[in-house]
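# Observations on the three-dimensional arrangement
If you want the building blocks of each chain, they are given just below.
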Amino acid sequence: MSAPVIAVEDSEEQAHFDALIDADLRIEPRDWMPEAYRKTLIRQISQHAHSEIIGMQPEANWITRAPSLKRKAILIAKVQDEAGHGLYLYSAAQTLGITREEMTDQLIEGRARYSSIFNYHTPTWADMGAIGWLVDGAAICNQVPLCRASYGPYGRAMVRICKEESFHQRQGFEILLELSNGTPEQKQMAQDAVNRWYWPSLMMFGPTDDASPNSARSMAWKIKRFSNDDLRQRFVGMCVPQFEALGLECPDKNLRFDEETGQWLMSEIDWSEFDAVLDGRGPANTERLKRRREAHENGAWVREAAAAYAAKQSAKDRIAA
Ligand SMILES: [Fe+2]
Ligand SMILES: [Fe+2]
């Protein structure tokens, strides 16, 4: 690429911004930033927040049917963590000048994206294991480098989120391990769930590098640190020994490590499925948005009560002052 990727404006402010990025320092809400950097972050952080919130649905589906009290308690805690992740991220996005209401409207009106992975169904208990192991596992690979993202509030939110994601991943692995060591039917149920989630979890890293035009700019801004394909490679490498430990088979029969290139060679991902789900034609897109809209409407009284309480408190504070 011949033109500089970042410097679109020739100003003192731009030079200061570039210097902060070059020095691996953080951009904070008080700092000047290029409009495109702000917009990219608002899009990425709000999509990430929406994914956490919509991501509560496929697992909440199993809270009332968890096989034991212990599993139920763990699953409730996990789903609650995801709500917390959504809240940290909405707060981080708000520091960039968008309101929570705007982001919520974008989501419930179907104008915003969220991770395509949450548009799949969870027909069995083993899906809770596969989601924790594969989906939270892929999220960790994506998100650990984001702890170093150049935008301060985003990076700091990610540190806390990643700690919780690793608990999520382990609880999923443990569900699968127990099923895999159970009856032949339980083992088959674990294998079927892994077969359902393996490919969609690889799609979570996004399109291949040559089909991902905005990646280079995000990397130059140090929002993103590794390319989609590099992260996907890292994830597959992490899964291989874990498949063995679980005693389950990887659904990709062609998967092998190429010593020469140091890369995992995998079967072609079905990108037409990814495009369809992104485009709103996945198995559960309509259901997920409908549920979110209902939850928003049913929660109106809570928002009104909280606003009335806050107004009363601030009136009291004014009198006291
Ligand atoms: Fe999360
Ligand atoms: Fe999670």
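Residues numbered from 1 in each chain as written. Chains lettered and ligands numbered in written order. Predicted model: local features only at pLDDT ≥ 70, side-chain atom pairs only at ≥ 80, totals over all residues. Heavy atoms only, no water.

A word on the overall build of the chain. When you go through the chain residue by residue, the secondary structure sums to 13 helices and 2 strands. Compactness check: the chain gives a C-alpha radius of gyration of 21 Å against a globular reference of 20 Å for 321 residues, within 12% of the reference. Counting over 321 residues, the chain shows a buried share of 48%. Counting contacts in the chain only where the partners sit at least 6 residues apart, residues at least 24 apart contribute 76% of the total. Carbon together with sulfur atoms contributes 54% to the accessible area of the chain, which is approximately 16,500 Å² in total. (Helix = DSSP H or I, 4+ residues; strand = E, 2+ residues; numbered from the N terminus. Rg over C-alpha atoms; globule rule 2.2 N^0.38 Å. Buried < 20%, exposed > 50% of the residue type's maximum accessible area, 1.4 Å probe, protein only. Contact = heavy atoms within 4.5 Å. Areas by Shrake-Rupley, 256 points an atom, 1.4 Å probe, with all protein chains shown as cover.)

For the iron ion (ligand 1), the full set of protein donor atoms is Glu52 (OE), Glu82 (OE), His85 (ND1) and Glu165 (OE), and the range of their distances to it is 2.0 to 2.2 Å. Metal-centred angles of 86 to 142° between the 4 donor atoms at the iron ion (ligand 1) mark the site as irregular. When the donor residues of the iron ion (ligand 1) are listed from N- to C-terminus, their spacing reads E-x29-E-x2-H-x79-E. In this structure the iron ion (ligand 2) is found 3.4 Å away from the iron ion (ligand 1), and glutamate 82 serves as a bridging donor for the pair. Of the two residues, histidine 85 is situated in helix 4 (residues 69-94) and glutamate 165 in helix 7 (residues 152-180); the sequence distance between them amounts to 80 residues. A relative accessible area of 2% means that glutamate 165 is categorised as buried. (Donors = N, O, S within 2.8 Å, 3.2 Å for Na, K, Ca; no water. Tetrahedral: all angles 85-135°; square planar, octahedral: opposite > 155°, others 65-115°.)

To continue, consider the side chain of lysine 224. Counting through the fold element by element, lysine 224 comes out in the loop between helix 9 (215-220) and helix 10 (228-246). In this structure the side chain of lysine 224 is engaged in a polar contact, spanning 2.5 Å, whose partner is the side chain of asparagine 228. Lysine 224 has contacts with Ser215, Ser218 and Met219, leaving out every residue within four places of it along the chain. (Polar contact = N/O pair within 3.5 Å; in protein donor to acceptor, adjacent residues only side chain to side chain.)

On to the packing of aromatic side chains. Applying the stated rule across the entire model yields 12 aromatic pairs. Here the aromatic cluster, defined as three or more aromatic residues joined through ring pairs, consists of Trp133, Phe173, Tyr198, Trp199 and Phe243. Sitting above the plane of the tryptophan 62 ring, arginine 65 keeps its charged end 4.0 Å from the centroid. We note arginine 234 situated over the ring of phenylalanine 226; from NZ or CZ to the ring centre the distance is 4.4 Å. (Phe/Tyr/Trp six-rings, centres within 6.5 Å; stacked < 30°, edge-to-face > 60°. Lys NZ or Arg CZ within 6 Å of the ring centre and 35° of its normal.)

Applying the stated criterion across every chain, the model contains 17 salt bridges. Of the charged contacts in the structure, one is a salt bridge between arginine 156 and glutamate 28, with a shortest N-O distance of 2.8 Å. Of this pair, arginine 156 sits in helix 7 while glutamate 28 sits in the loop between helix 1 (12-22) and helix 2 (35-54), and the two are 128 residues apart along the sequence. With relative accessibility at 45%, the residue arginine 156 sits in the partly exposed group. (Salt bridge = Lys/Arg side-chain N within 4 Å of Asp/Glu carboxyl O.)

With that settled, the discussion passes to unusual backbone geometry. Its identity as a non-glycine residue notwithstanding, aspartate 24 has a phi of 60°, on the positive side. The backbone of lysine 222 shows a phi angle near 60°, a positive value even though the residue is not glycine. Inspection of the secondary structure assignment puts lysine 222 in the loop between helix 9 and helix 10.

It is worth spelling out the coordination of the iron ion (ligand 2) at this point. Around the iron ion (ligand 2), the donor atoms from the protein are Glu82 (OE), Asp136 (OD), Glu165 (OE) and His168 (ND1), and they sit 1.9 to 2.2 Å away. Geometry at the iron ion (ligand 2) is irregular, judged from the 4 donor atoms that bind it and their angles of 87 to 157° at the metal. When the donor residues of the iron ion (ligand 2) are listed from N- to C-terminus, their spacing reads E-x53-D-x28-E-x2-H. When its relative accessible area of 5% is taken as the criterion, glutamate 82 is described as buried.

Let us look at the environment of leucine 89. Along the chain, the position of leucine 89 falls in helix 4. Put simply, leucine 89 and leucine 146 are 57 residues apart on the chain and 12 Å apart in space, counted from C-alpha to C-alpha. With residues near it in sequence (within four places) discarded, leucine 89 still touches Ile45, His48, Ala49, Glu52, Tyr154, Ala157, Met158 and Ile161.

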